[in-house]
Amino acid sequence: LGTVVANAQLALARSQGPADLALTNRGSLRTDLPAEVTHGAVYAAQPFGNYLVVLGLSGAELTELLAQQWRKDPAHPTLLQTSSNFAYRWRVSTDPAERLVEPRLDGKPIEAGRIYRVVVNVFLAEGGDGFSVLQKGRDAQIVGKDLDALEHYLREHSAEIDFHSRGRIA
């Protein structure tokens, strides 16, 4: 579900301007979607009505953001859910700065100096869940609400959604 939500948020943002990838926090997803999806089921899965923000992060900041997933408890990371066009590997080690391996957007390595347009909910944009790097985001724009994005995406893409996607985070 995290991938579907992130893809929905990316699609909404792209309908209004440039956006490269989307990230969402697991805490914003409250339950799985049933086989028959209704408005109530979508609301139960994502009940907060958060605004979505597109902001600019450098590749170095994006890498730093991903490293923050291990800051609290290295044995139990707070993993962000990503849009399907973004992938990375991570390894268990004693130094969180060395855990992240090969972050890639559309199959290409993240470039430290490039600015990436990242879609997140406003909770994350304000540094929620300890992801303080997002507060460094530039040129922030509100593009809509998470619930609206998910409902529209499910309506438009239900036939092509693969809830069993593998290989993006390893």
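The structure reproduced in this document is the subject of the present report. (Residues numbered from 1 in each chain as written. Predicted model: local features only at pLDDT ≥ 70, side-chain atom pairs only at ≥ 80, totals over all residues. Heavy atoms only, no water.)

1. Topic: the overall build of the protein
Piece 1. Each helix and strand counted, the protein has five helices and eight strands in total.
Piece 2. In sequence order, the protein lays out its α and β elements as α-β-α-β-α-β-β-β-β-β-α-β-α.
Piece 3. For the protein, long-range pairs separated by at least 24 residues make up 71% of all intrachain contacts whose partners lie at least 6 apart in sequence.
Piece 4. Per element, the accessible surface of the protein, about 8,600 Å² overall, is 50% carbon and sulfur. (Helix = DSSP H or I, 4+ residues; strand = E, 2+ residues; numbered from the N terminus. Contact = heavy atoms within 4.5 Å. Areas by Shrake-Rupley, 256 points an atom, 1.4 Å probe, with all protein chains shown as cover.)

2. Details of the packing of aromatic side chains
Piece 1. Here the structure, examined in full by the defined rule, presents one aromatic pair.
Piece 2. Seen from the ring of Tyr51, Lys145 lies directly overhead, with NZ or CZ sitting 4.9 Å from the centre. (Phe/Tyr/Trp six-rings, centres within 6.5 Å; stacked < 30°, edge-to-face > 60°. Lys NZ or Arg CZ within 6 Å of the ring centre and 35° of its normal.)

3. What to know about the side chain of Ser83
Piece 1. In this structure, Ser83 sits in the loop between strand E3 (80-82) and strand E4 (86-90).
Piece 2. Within polar-contact distance, the side chain of Ser83 engages the side chain of Asn85 at 2.6 Å. (Polar contact = N/O pair within 3.5 Å; in protein donor to acceptor, adjacent residues only side chain to side chain.)

4. Here's the deal with the environment of Pro77
Piece 1. Inspection of the secondary structure puts Pro77 in the loop between helix H3 (59-67) and E3.
Piece 2. Distance from Pro77 to Ala67, taken between C-alpha atoms, is 9.7 Å for residues 10 residues apart in sequence.
Piece 3. Setting aside residues up to four positions removed in sequence, Pro77 forms contacts with Gln69, Trp70 and Trp90.

5. Some remarks on the sheet that holds E3
Piece 1. Read from one edge of the open sheet, five strands run E3-E1-E7-E2-E8, paired in mixed fashion. At either margin of the open sheet sits one strand with a lone partner, and together these are E3 and strand E8 (138-145). Ignoring strand direction, the axes of neighbouring strands in this sheet form an average angle of 30 degrees.
Piece 2. Pairing of strand E2 (residues 51-58) with strand E7 (residues 115-121) involves seven bridges; the strand directions are antiparallel. Bridging from a neighbouring strand, Val54 pairs with Val119 of E7.
Piece 3. This element, H3, spans strand E1 (21-25), E2, E3, E7 and E8 of the sheet and lies at about 115 degrees to E2. (Pairing = 2+ DSSP bridges. Axes fitted to C-alpha atoms, helices over the stretch in contact; angles between N-to-C directions.)

6. Remarks on unusual backbone geometry
Piece 1. Located in the positive-phi region is Asp129, a residue other than glycine, with phi close to 60 degrees.
Piece 2. For Asp129, the location among the structural elements is in the loop between helix H4 (122-125) and E8.
Piece 3. If you check the backbone angles, Asp139 has positive phi at about 50 degrees while not being a glycine.
Piece 4. With respect to the helices and strands, Asp139 occurs in strand E8.

7. Considerations on H3
Piece 1. Among all positions in H3, only Gly59, Glu61, Leu62, Leu65 and Leu66 are buried. Along H3, the residues classed as buried sweep out an arc of 160 degrees about the axis, all on the same side. (Buried < 20%, exposed > 50% of the residue type's maximum accessible area, 1.4 Å probe, protein only. Arc of directions from axis to C-beta.)

8. Considerations on the packing of helix H1 (residues 2-14) against helix H5 (residues 146-157)
Piece 1. Contact pair H1 / H5: the axes reach a minimum separation of 8 Å and the direction vectors enclose 95 degrees. Considering the angle they form, H1 stands roughly perpendicular to H5. Across from Val4, Val5, Asn7, Ala8, Gln9, Ala11 and Leu12 in H1, the residues of H5 making contact are Asp146, Ala149, Leu150, Tyr153 and Leu154.
Piece 2. Residue composition of the contact of H1 with H5, grouped by class: nine nonpolar, two polar and one charged. (Parallel < 35°, antiparallel > 145°, perpendicular 65-115°, else oblique. Nonpolar A, V, L, I, M, F, W, Y, C, P; charged D, E, K, R; others polar.)

9. Let's talk about the pattern of salt bridges
It is possible for side chains of opposite charge to pair when their charged atoms get near one another.
Piece 1. Under the defined criterion, the tally for this structure stands at four salt bridges.
Piece 2. For Asp20, the salt bridge identified is with Arg114, shortest N-O distance 3.5 Å. Note that Asp20 is positioned in the loop between H1 and E1 and Arg114 in the loop between strand E6 (108-109) and E7, a separation of 94 residues in sequence.
Piece 3. Residue Arg114 is classed as partly exposed on the basis of its relative accessible area, which comes to 35%. (Salt bridge = Lys/Arg side-chain N within 4 Å of Asp/Glu carboxyl O.)

10. So, the pairing of E7
Piece 1. The buried count for E7 comes to six of seven residues, which makes it a mostly enclosed element.
Piece 2. Here E1 pairs with E7 via two bridges, running parallel. Residue pairing for E7: Leu21 is matched across the bridge by Val118.

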